[in-house]
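So you can see what is in the structure, the chains are spelled out below.
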Amino acid sequence: MPLQERTSTRRRRTLRAAAGTLAAVAVLTGPPAFAAADSGRPAGPRDAVQRQLDRLVSEEGFPGVLASVRGTDGRVRDYTAGVGDLRSHGPVPRDGQVRIGSNTKTFTAVVVLQLVGEGRIDLDATVEHYLPGVVRGNGNDGGAITVRQLLQQTSGLPDYDDVLFTQPQDLVDKSHSYYQPRRLVDAALTNAPHFAPGAKWEYSNTNYVLAGLIVEQVTERPIGEEITDRVIRPLGLRDTYWPGVGEQRLRGTHPHGYVAVAPGAAWVDVTDMDPSLGWAAGQLVSTPDELRTFFEALVGGRLLKPAQQAAMMTTVPAPGFEPTGEYGYGLGIARHELPCGGDGWGHGGDIQGFETRNLVTEDGRSAVVAVTGLPTGEQMLAEVNESVDTALCATVH
């Protein structure tokens, strides 16, 4: 499914399913539209960030791009490029709502770690302890997997998207399908584990659906409510929300989102879709500004107690997390060494219609870039990541 946050395995299906021709996209989108704003005022000449975002449209073929960037001087600038609707050629809305896919995992991890800080969850207790009998069969054993390993992506559990999304056309045909969380887990468990718990790192959406089920078991409340009450409302994120059961339309101002399902195919509008296939691993909606605000608060230590903050940011090597660069994975957050020095912390997310990439540095820089189509090749993937690096490194003074 298109929530993959792995590269070799997570990207393979996304690339295969979203393999439309870039030439066709360039014809549809036309020349990139330029728009940047600083505190709501028009910006001056195009800077390095805008040029990079324009290239995502003119050279890589994305329909549209939205970005939010904070420099070391504290100034926030919002950017757009391309078009927001391939039919009307309307503009990309500044800081519009997008589906943030697997960035949801970081929100889920925060809730789990807050419950750890409250003494209600033990990171080193087993999945079986909280969800008796849920993870069993085909060699999968919840009694051998800890909560920490779920959040760290070292459980070895298979990914349910390998079972539910097997053909490129599934990206379109299943975009309106509703999936209950246990259905996602049960689908994953039809496959054998990929390795013994703790033996290595491998990304699996199943880990975070189980983490969400543990939150619900402990709190006796829906995971979406816990994320809203513990993270979204305290941070004042008015355009970030957990879609309700069956809710397929984006609530606020937004660009359209697209996929291409075969080489040479045109972009297909999948803006309206059911995000339940992601659930605690990928259901949330946000904007670039608000997603940036969330990661700034998290990396700045405003959401977790010190012990849980340290646990979250203790990383293990995460080979293949992205197509280029070195990454370490903590508990729902990744560390990336920037080309200009220092580390950036973030996650990223893919779901039908949208891809987002984001990083925050400990010296106050931050950047979120959202594109309105799933990449059709490794080069497109790499360029989205490069745009985040550019945004952070261009703002160093």
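See above for the structure.
Please read these numbers as outputs of a predicted model, since none were measured by experiment. (Residues numbered from 1 in each chain as written. Predicted model: local features only at pLDDT ≥ 70, side-chain atom pairs only at ≥ 80, totals over all residues. Heavy atoms only, no water.)

A.B. asks: Mind laying out the overall build of the chain, listing which residues take part and the relevant values?
C.D. replies: Across its full length, the chain holds 14 helices and 17 strands. Burial statistics for the chain: of 397 residues in total, 62% are counted as buried. Sequence-distant contacts, at least 24 apart, represent 72% of the contacts inside the chain between residues at least 6 apart. Summed over all atoms, the accessible surface of the chain reaches about 14000 Å², with 49% contributed by carbon and sulfur. (Helix = DSSP H or I, 4+ residues; strand = E, 2+ residues; numbered from the N terminus. Buried < 20%, exposed > 50% of the residue type's maximum accessible area, 1.4 Å probe, protein only. Contact = heavy atoms within 4.5 Å. Areas by Shrake-Rupley, 256 points an atom, 1.4 Å probe, with all protein chains shown as cover.)

A.B. asks: Could you give an account of the pairing of strand β14 (residues 343-346), naming the residues involved and the relevant values?
C.D. replies: Examined bridge by bridge, strand β13 (residues 334-337) and β14 share four bridges and lie antiparallel to one another. Directly across from Arg-335, in β14, lies its bridge partner Trp-345. The antiparallel hairpin formed by β13 and β14 contains five residues in its connecting segment, where Gly-341 sits at a positive phi of about 100°. (Pairing = 2+ DSSP bridges.)

A.B. asks: Provide a residue-level description of the pattern of salt bridges, including the pertinent values.
C.D. replies: This model, assessed by the stated rule, comprises 20 salt bridges. Where Arg-230 meets Glu-226, a salt bridge forms, and the shortest distance between an N and an O atom there is 2.7 Å. One end of the pair is Arg-230 and the other is Glu-226, both in helix α11 (residues 223-232) and four residues apart, which spans about a single turn. Glu-226 sits in the buried class, given a relative accessible area of 10%. Notably, a salt bridge pairs Glu-322 with Arg-357, separated by 2.9 Å at the nearest N-O pair. Separated by 35 residues along the polypeptide, Glu-322 in the loop between β11 (316-317) and β12 (327-329) and Arg-357 in strand β16 (residues 354-360) bring together distant segments of the chain. The same class applies to Glu-322 and to Arg-357, which are both buried. (Salt bridge = Lys/Arg side-chain N within 4 Å of Asp/Glu carboxyl O.)

A.B. asks: Give a detailed account of the packing of aromatic side chains, specifying residues and quantitative values.
C.D. replies: One pass over the structure, following the stated rule, counts nine aromatic pairs. Ring geometry for Trp-201 against Phe-321: centres 6.1 Å apart, planes inclined by 70°, an arrangement best described as edge-to-face. You can see Trp-201 sitting in the loop between α9 (181-188) and α10 (205-219) and its partner Phe-321 sitting in the loop between β11 and β12, a full 120 residues away along the chain. For Trp-201, a relative accessible area of 9% gives the class buried. Ring pairs connect the aromatic residues Trp-201, Tyr-203, Phe-321, Tyr-327 and Tyr-329, which therefore count as one cluster. (Phe/Tyr/Trp six-rings, centres within 6.5 Å; stacked < 30°, edge-to-face > 60°.)

A.B. asks: Go over α9 with me, naming the residues and quoting the values.
C.D. replies: Those residues of α9 lying buried are Pro-181, Leu-184, Val-185, Ala-187 and Ala-188. The buried residues of α9 occupy an angular sector of 160° when projected down its axis, which confines them to one face. In this fold, the buried residues of α9 make contact with α7 (161-164) and α10. (Arc of directions from axis to C-beta.)

A.B. asks: Quick rundown of a negative patch on the surface? Include the residues and the values.
C.D. replies: Together, Glu-326, Glu-337, Asp-343 and Glu-362 line one region of the surface with negative charge. With respect to the helices and strands, the residue Glu-362 is situated in the loop between β16 and β17 (366-371). Residue classification places Glu-362 among the exposed residues on the basis of a relative accessible area of 64%. (Patch = residues over 30% accessible without salt bridge, like charges linked within 9 Å, V, L, I, M, F, W, Y side chains within 5 Å. Lys, Arg positive; Asp, Glu negative; His and termini not counted. Charge placed at Lys NZ, Arg CZ, Asp CG, Glu CD.)

A.B. asks: Requested: an account of the nonpolar core, with residues and values cited.
C.D. replies: One finds Phe-107, Ile-121, Leu-210, Phe-294 and Met-312 to be the most contacted residues of the largest nonpolar core, which totals 84 residues. Formed by 20 residues, the second largest nonpolar core is a distinct cluster that contains Val-57, Tyr-79, Val-371 and Val-384. (Core = buried A, V, L, I, M, F, W, Y, C linked by side-chain atoms within 4.5 Å.)

A.B. asks: Can you lay out the pairing of β16 for me, pointing to particular residues and giving the numbers?
C.D. replies: For β16, the tally of buried residues reaches seven of seven residues, placing the bulk of the element in the interior. Burial of the side chains of β16 extends over both faces: Phe-354, Thr-356, Asn-358 and Val-360 are buried on one face and Glu-355, Arg-357 and Leu-359 on the other. In this structure, strand β15 (residues 349-351) lies alongside β16, joined through three bridges in antiparallel fashion. Each bridged residue has a counterpart across the sheet, and for Asp-350 the counterpart in β16 is Glu-355. With antiparallel pairing between neighbouring strands as the criterion, β15 and β16 make up a hairpin whose turn holds two residues, including Gly-353 at a positive phi of roughly 95°.

A.B. asks: With reference to specific residues and values, describe the side chain of Thr-240.
C.D. replies: Positionally, Thr-240 belongs in the loop between α11 and β8 (258-259). Apart from residues lying up to four places away in sequence, Thr-240 is in contact with Phe-107, Ile-232, Val-285, Ser-286 and Glu-290.

A.B. asks: Requested: an account of unusual backbone geometry, with residues and values cited.
C.D. replies: The phi torsion of most residues other than glycine is negative, and most of the peptide bonds are trans. Positioned with a positive phi, Asn-138 is a non-glycine residue whose angle comes to about 55°. With respect to the secondary-structure elements, Asn-138 resides in the loop between β6 (136-137) and β7 (140-141).

A.B. asks: Break down the packing of helix α4 (residues 104-117) against α10 for me, citing the residues and quoting the values.
C.D. replies: Put simply, α4 and α10 touch, their axes get as near as 10 Å, and they point 40° apart. In terms of axis orientation, α4 runs oblique to α10. Taken as a pair, α4 and α10 cross one another with a handedness that is left-handed. Two secondary-structure elements touch here, α4 through Lys-105, Thr-108, Ala-109, Val-111, Val-112 and Leu-115 and α10 through Asn-205, Tyr-208, Ala-211, Gly-212, Val-215 and Thr-219. Split by residue class, the contact of α4 with α10 holds seven nonpolar, four polar and one charged. (Axes fitted to C-alpha atoms, helices over the stretch in contact; angles between N-to-C directions. Parallel < 35°, antiparallel > 145°, perpendicular 65-115°, else oblique. Left-handed = near helix turned anticlockwise from the far one by under 90°. Nonpolar A, V, L, I, M, F, W, Y, C, P; charged D, E, K, R; others polar.)

A.B. asks: Quick one: what's the story with the packing of α4 against helix α12 (residues 288-299), residue by residue and with numbers?
C.D. replies: Where α4 contacts α12, the axes come no closer than 12 Å and their chain directions differ by 35°. Between α4 and α12 the crossing geometry is left-handed. Residues Thr-106, Phe-107 and Val-110 of α4 touch α12, and the partners they reach there are Leu-291, Phe-294, Phe-295 and Leu-298. When its residues are assigned to classes, the contact of α4 with α12 shows six nonpolar, one polar and no charged.

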